[in-house]
Amino acid sequence: MNKLKLIKNQTLSKSTTLKIGGKAKFFCRPRSLNEIIHCINFAKVNKLQVFFIGGGSNLLVSDNGINGLVINTCRLNKIKVNYDEIIIESGTTIEKLNKIAIKKKLTGLEFSSGLPGTIGGAVYMNARAYGGEFSKIVEEVEVLNYNGELKILRKNDFKYSYKKSVFMNDDLFIYRIKLKLKKGEPKEIRSKYKENYIDRKKKRQYKYPSAGCIFKNNYDLNLICGKLLDEMGLKGTNFGGATIPDFHANFIINSKKAKADDVKNLIEYIENKVFKEKGIKLDREIKLIGFTDHST
Ligand SMILES: Cc1cc2nc3c(=O)[nH]c(=O)nc-3n(C[C@H](O)[C@H](O)[C@H](O)COP(=O)(O)OP(=O)(O)OC[C@H]3O[C@@H](n4cnc5c(N)ncnc54)[C@H](O)[C@@H]3O)c2cc1C
């Protein structure tokens, strides 16, 4: 625990896939539950707000940075496999998780092939792709609250729905997750991973820094955001260095050293235009942190 380094004024642009973000007043990468508790106590004593970052693949961090303590989970990455269950620390990347699942001949995670970020972020977001989503395979989640109390949440506690979870409402740190999978046929598992990964690459998702889709679909309204924004002719729109690319109208890419404000202004421009022209209020998927105007 003594080795835990609290870094002052750490630039966050390297911790997000958009490659944007100002400095965190305090920043750390804890390696254990004890170190996490130590961080949270430090924040409490110093009256600092705490922010958790996994892979930073669904985040827009303000240019002014974060006046608080940012806890990056990347060193919490232990995995244990018990037959068809995987017990995994929240900072483990989806890439590493997928490799273990393949090695252990476990099926159920193929939908997440090529998904950027960590299992903590995916469980928080209820990430989904290719007909699958995390809500279907998460069995238990060990969470830590602001008072340093650890408890286990089970299926009925998660309140999962489309891109929503209980973790968004409560101030909970996701420490460890138990996933329930099934034993499968290695050849079929590998081929599904490959198929999904190739599809993402073909769609050019990794070509530029981005945070994936900016807005959620609205299945009640039969609204697929990418399709709507494409039909409205928004591809190619740019603010400063932030652009809606030609390959996906629901993405914003950092095309030319964009500022966080460029991205935020473009998001607000899209929201206003869609509301004015279609009467639809878009729901953001991307999380904005460090902005002071409470428009996040
Ligand atoms: C190219 C690209 C493609 C993408 N494709 C998809 C897709 O197909 N489907 C999809 O659903 N998403 C997609 N995304 C978005 C993103 O990858 C997912 O939402 C991912 O699950 C986020 O994980 P993360 O670790 O990067 O989370 P972060 O961006 O680091 O954090 C997201 C939120 O989770 C919280 N969080 C993270 N870890 C913890 C923790 N341990 N405890 C408590 N809170 C935590 C953060 O505070 C934040 O509010 C894509 C993104 C990119 C860049």
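Residues numbered from 1 in each chain as written. Predicted model: local features only at pLDDT ≥ 70, side-chain atom pairs only at ≥ 80, totals over all residues. Heavy atoms only, no water.

Novice: I keep staring at the environment of Ser57 and nothing clicks. Help me out?
Specialist: Along the polypeptide, Ser57 turns up in the loop between β3 (49–53) and β4 (59–61). If we ignore the near neighbours within four places in the chain, the residues touching Ser57 are Thr17, Pro116, Gly117, Ala211 and Gly212. (Helix = DSSP H or I, 4+ residues; strand = E, 2+ residues; numbered from the N terminus. Contact = heavy atoms within 4.5 Å.)

Novice: Please explain the side chain of Asp84 as it appears in this structure.
Specialist: Relative to the elements of secondary structure, Asp84 occurs in the loop between β6 (79–82) and β7 (85–89). With a relative accessible area of 15%, Asp84 lands in the buried category. The residues contacting Asp84, other than those within four sequence positions of it, are Leu106, Leu179, Lys180, Leu181 and Lys182. (Buried < 20%, exposed > 50% of the residue type's maximum accessible area, 1.4 Å probe, protein only.)

Novice: Honestly, the pattern of salt bridges in this entry has me stumped. Any pointers?
Specialist: Where charged atoms from two side chains of opposite charge come close, those side chains can pair. Under the criterion given, the structure shown has 20 salt bridges. Across the pair Asp84 and Lys180 runs a salt bridge whose closest N-O atoms are separated by 3.4 Å. Placement of the pair is Asp84 in the loop between β6 and β7 and Lys180 in strand β13 (residues 173–180), with a sequence separation of 96 residues. A salt bridge links Glu271 to Arg284; its shortest N-O distance comes to 2.6 Å. Of this pair, Glu271 sits in helix α7 (residues 260–278) while Arg284 sits in the loop between α7 and β19 (287–289), and the two are 13 residues apart along the sequence. The exposure classification of Glu271 matches that of Arg284, with both residues buried. By sharing partners, the salt bridges in this structure join Asp84, Glu85, Glu140, Arg154, Lys178 and Lys180 into a single network. (Salt bridge = Lys/Arg side-chain N within 4 Å of Asp/Glu carboxyl O.)

Novice: In this structure, what is going on with the domain arrangement of the protein chain? I would like to understand it.
Specialist: Where interface size is quoted, it is often the accessible area lost as the parts come together. As assigned here, the protein chain comprises domain 1 (8–72), domain 2 (79–202) and domain 3 (210–289). Its C-alpha centre places domain 1 at a distance of 26 Å from the equivalent point of domain 3. Facing the 13 residues of domain 1 at the interface are 17 residues of domain 3. Taken together, the two surfaces of domain 1 and domain 3 that pack against each other cover about 1,300 Å², and 60% of this comes from carbon and sulfur. Ranking the residues of domain 1 by area buried against domain 3 places Leu18, Asn58 and Leu60 at the top, with a combined share of 50%. At the junction of domain 1 with domain 3, the criterion picks out 0 salt bridges. For the pair domain 1 and domain 3, the number of links is 9 residue pairs in polar contact (both at pLDDT 80 or more). (Domains from an automatic or database assignment. Buried area = accessible area lost by both parts, 1.4 Å probe. Polar contact = N/O pair within 3.5 Å; in protein donor to acceptor, adjacent residues only side chain to side chain.)

Novice: Got a minute to help me understand the site of the ligand in this structure?
Specialist: Every one of the 34 residues lining the ligand counts as a neighbour, but Phe52, Gly54, Ser57, Thr118 and Arg128 are closest to it. Here a nitrogen atom of the ligand sits 3.3 Å away from a polar atom, N or O, in the side chain of Ser90. Bound to the protein, the ligand loses 94% of the 970 Å² it would expose on its own. Listing elements by their share of the shell around the ligand, those giving two or more residues are β3, α3 (119–125), β9 (128–129), β13 and β15 (210–213). Per-element accounting of the shell around the ligand gives the leading share, 5 residues, to α3. Looking at the shell around the ligand, its residues break down into 14 nonpolar, 15 polar and 5 charged. (Near = heavy atom within 4 Å. Areas by Shrake-Rupley, 256 points an atom, 1.4 Å probe, with all protein chains shown as cover. Nonpolar A, V, L, I, M, F, W, Y, C, P; charged D, E, K, R; others polar.)

Novice: Please clarify how the sheet that holds β3 should be interpreted in this entry.
Specialist: Within a sheet, neighbouring strands are paired by backbone hydrogen bonds and run either parallel or antiparallel to one another. What the 4 strands build is an open sheet, ordered β1-β2-β5-β3; its pairing is mixed. The outermost strands of the open sheet, each flanked by one partner alone, are β1 (7–11) and β3. Each neighbouring strand pair of the sheet contributes to a mean axis angle of 45°, computed without reference to strand direction. In the sheet, β3 pairs with strand β5 (residues 66–72) via 5 bridges, with the strands oriented parallel. Counted as the bridge partner of Ile53 is Asn72 from β5. (Pairing = 2+ DSSP bridges. Axes fitted to C-alpha atoms, helices over the stretch in contact; angles between N-to-C directions.)

Novice: Before we go on, may I ask you to explain the nonpolar core in this structure?
Specialist: By size, the foremost hydrophobic cluster in this structure holds 31 residues, and its most contacted members are Phe134, Phe167 and Leu179. Elements with a minimum of two residues in this core: β7, α2 (94–103), α3, β11 (138–144), α4 (166–169), β13 and α5 (186–202). The element contributing the most residues to this core is α2, with 4 residues. Once residues within four sequence positions are removed from consideration, Phe134 is found in contact with Ile94, Leu109, Phe111, Ser112, Leu115, Ile119, Ala122, Asn126 and Ala127. Within the second largest apolar cluster, 28 residues are counted, among which are Leu18, Ile20, Ile214 and Leu288. (Core = buried A, V, L, I, M, F, W, Y, C linked by side-chain atoms within 4.5 Å.)

Novice: For this particular structure, what's the right way to read a positive patch on the surface?
Specialist: Taken together, the side chains of Lys103, Lys104, Lys105 and Lys183 make up a positively charged region of the molecular surface. Position of Lys105 among the secondary structure elements: in the loop between α2 and β8 (106–107). (Patch = residues over 30% accessible without salt bridge, like charges linked within 9 Å, V, L, I, M, F, W, Y side chains within 5 Å. Lys, Arg positive; Asp, Glu negative; His and termini not counted. Charge placed at Lys NZ, Arg CZ, Asp CG, Glu CD.)

Novice: I tried to follow the packing of aromatic side chains on my own but got confused; where do I start?
Specialist: Centre distance and the angle of the planes are the two values used to describe a pair of aromatic rings. Considering all chains together, one arrives at 11 aromatic pairs under this definition. Between Phe26 and Phe42 the ring centres are 5.2 Å apart and the planes differ by 75°, which places this aromatic pair in the edge-to-face class. In this pair, Phe26 sits in strand β2 (residues 23–28) while Phe42 sits in helix α1 (residues 33–45), placing the two residues 16 residues apart along the sequence. Ring centres of Phe239 and Tyr269 lie 5.4 Å apart, and the angle between their planes is 50°; this geometry places the pair in the tilted category. Here Phe239, found in strand β16 (residues 238–239), pairs with Tyr269, found in helix α7; they are 30 residues apart in sequence, far enough to count as distant. Residue Tyr269 is classed as partly exposed on the basis of its relative accessible area, which comes to 34%. (Phe/Tyr/Trp six-rings, centres within 6.5 Å; stacked < 30°, edge-to-face > 60°.)

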